[in-house]
Amino acid sequence: MLSSRAPPPTCLLRVVGGLSAEDTGYVLDMSPGAVRVAQHRALVRLRALAADELAADELAARETGRP
């Protein structure tokens, strides 16, 4: 099982590999629509993780007096 922080295969194939939704669907045995939905959901989770990390860094910086 992939860790919760590992990008799902849909994102790896679409974003890093540059495959179309159709080609990604073929590789993963998914419909192109399901690939697009999975990619959208993964990017929403990634944005939330990035926001959480940024907020934690900002909080730590304020607590330690770092800029």
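Residues numbered from 1 in each chain as written. Predicted model: local features only at pLDDT ≥ 70, side-chain atom pairs only at ≥ 80, totals over all residues. Heavy atoms only, no water.

**Quick look at the overall build of the protein**
Item 1. The number of helices and strands found in the protein is three helices and zero strands.
Item 2. The helix and strand sequence of the protein, counted from the amino end, reads α-α-α.
Item 3. In the protein, which comprises 67 residues, the proportion classed as buried is 15%.
Item 4. Within the protein, counting contacts between residues at least 6 apart in sequence, those at least 24 apart form 32% of the total.
Item 5. Approximately 5100 Å² of the protein is accessible, and the part contributed by carbon and sulfur atoms is 61%. (Helix = DSSP H or I, 4+ residues; strand = E, 2+ residues; numbered from the N terminus. Buried < 20%, exposed > 50% of the residue type's maximum accessible area, 1.4 Å probe, protein only. Contact = heavy atoms within 4.5 Å. Areas by Shrake-Rupley, 256 points an atom, 1.4 Å probe, with all protein chains shown as cover.)

**Re unusual backbone geometry**
Item 1. The backbone of D29 shows a phi angle near 55 degrees, a positive value even though the residue is not glycine.
Item 2. In this fold, D29 is placed in the loop between α2 (21-28) and α3 (32-64).
Item 3. Overall, the relative accessible area of 74% leaves D29 in the exposed class.

**Some details on α2**
Item 1. Residues of α2 that are buried: A21, T24 and G25. Taken around the axis of α2, the buried residues stretch over an arc of 100 degrees, which confines them to a single face. What points out from α2, more than 90 degrees from its buried face, is the exposed set Y26 and V27.
Item 2. Its buried side turned inward, α2 meets α1 (9-16) and α3.
Item 3. Just beyond α2, the residue with positive phi is D29, at close to 55 degrees. (Arc of directions from axis to C-beta.)

**Remarks on the confidence of the model for the protein**
Item 1. For the protein, per-residue confidence averages 86 on the pLDDT scale, and 88% of positions sit at 70 or higher.
Item 2. Within the protein, the element-level pLDDT minimum falls on α3, averaging 88, and the maximum on α2, averaging 96. (pLDDT = per-residue confidence, 0-100.)

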